[in-house]
Amino acid sequence: RHHVLYVDDDPALLEIGRLFLESDKTFTVDTVTSAREAIDHLKSVSYDAIVSDYQMPGMDGITFLKTLRAQGTTTPFIIFTGKGREEVVIEALNSGADFYLQKGGDPTSQFTELAHKIRHAVSEKRADQALKKSEQDYRHLIEHANEAIYVVQDGLLRMVNPRLVELSGYSTEELLGEPFLKFVHPDDREMLKSRFKRRIGGETTIPSRYSFRLYRKDGALLWVELSVVTISWNEKTATLNF
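Residues numbered from 1 in each chain as written. Predicted model: local features only at pLDDT ≥ 70, side-chain atom pairs only at ≥ 80, totals over all residues. Heavy atoms only, no water.

**As for the packing of helix H1 (residues 11–22) against helix H5 (residues 107–143)**
Two quantities define a packed helix pair, namely the angle between the helix axes and the distance between the axes.
Right, so step 1: Interaxial distance between H1 and H5 falls to 10 Å at its minimum, and their mutual angle equals 65°. Like other packed secondary-structure pairs, H1 and H5 cross with a definite hand, here right-handed. The residues of H5 that touch H1, namely those facing Leu13, Ile16, Gly17, Phe20 and Leu21, are Thr108, Phe111, Thr112, Leu114, Ala115 and Ile118.
Right, so step 2: Here the contact of H1 with H5 is composed, by residue class, of eight nonpolar, three polar and no charged. (Axes fitted to C-alpha atoms, helices over the stretch in contact; angles between N-to-C directions. Helix = DSSP H or I, 4+ residues; strand = E, 2+ residues; numbered from the N terminus. Left-handed = near helix turned anticlockwise from the far one by under 90°. Contact = heavy atoms within 4.5 Å. Nonpolar A, V, L, I, M, F, W, Y, C, P; charged D, E, K, R; others polar.)

As structure tokens, then:
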């Protein structure tokens, strides 16, 4: 069930909207008649989506939206109003509205469309939250891994984890953007360079595990074993190395 806050200075329209949205059992709707009342209400209650009129006394819908976004609130927000000027639509979307829906016409059609917009906005929000959570989880794993992990793209280091910093003796800033071969023993560079190019080129018969010698910042030479796979990094082919 989607918990929705519906804001409009017309109590009759609020009641019609609430009854329609709650009729299919997928919405729970709270209603308030002003933006200021809504702001107070949001201090103690969280919602999956907010639907707001534009023209309201005291504070209009876009000012209400801007206030919430300035406070860091990212709840999906839909402007639902009879005001149809193009500049209002542009300002609403530029201010962070997820959708803009104009009132008028058949009530069943307009509230059906509103329900669709709410579901779509909530679905996108939850998908975005899930993606961010997944990215945070992977970042946590990489940053706390006991293995040195790094990404090479175009021959340059694009991502390094703390274990590689510890292993190499270089700082993150000293590693990022540098050619990876710069830190490899000269006798091993050609082998790594050739395998990197062939792997990026799509060859699948190249060994995925091999050893080479790596220079630390203090000049010490380390034998390391590498495990490597091809990935997409910022929409471009790269290698993920362990």
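**Looking at the sheet that holds strand E9 (residues 221–233)**
Right, so step 1: Strand order in the open sheet formed by five strands is E7-E6-E10-E9-E8, and the pairing between neighbours is antiparallel. The open sheet has two free edges, formed respectively by strand E7 (156–160) and strand E8 (209–215), since each of these has just one partner strand. Taken pair by pair, the neighbouring strands of this sheet meet at an average axis angle of 40°, ignoring direction.
Right, so step 2: Two strands pair when backbone bridges link them, and E8 and E9 are joined in this way by seven bridges, in the antiparallel orientation. (Pairing = 2+ DSSP bridges.)

**Quick word on the pattern of salt bridges**
Right, so step 1: Taken as a whole and judged by the stated rule, the model has 21 salt bridges.
Right, so step 2: A salt bridge links Glu15 to Arg18, with the shortest nitrogen-to-oxygen separation between them at 2.6 Å. Remark: Arg18 and Glu15 occur in helix H1; sequence separation between them is three residues, near one turn of the helix.
Right, so step 3: Classification of Glu15 by relative accessible area gives partly exposed; the value is 35%.
Right, so step 4: The class of Arg18 is partly exposed, set by a relative accessible area of 21%.
Right, so step 5: A salt bridge links Arg198 to Glu203, with the shortest nitrogen-to-oxygen separation between them at 3.2 Å.
Right, so step 6: A relative accessible area of 32% places Arg198 in the partly exposed class.
Right, so step 7: Given a relative accessible area of 38%, Glu203 falls into the partly exposed group.
Right, so step 8: What emerges from the salt-bridge pattern is a single network uniting Asp8, Asp53 and Lys103. (Salt bridge = Lys/Arg side-chain N within 4 Å of Asp/Glu carboxyl O. Buried < 20%, exposed > 50% of the residue type's maximum accessible area, 1.4 Å probe, protein only.)

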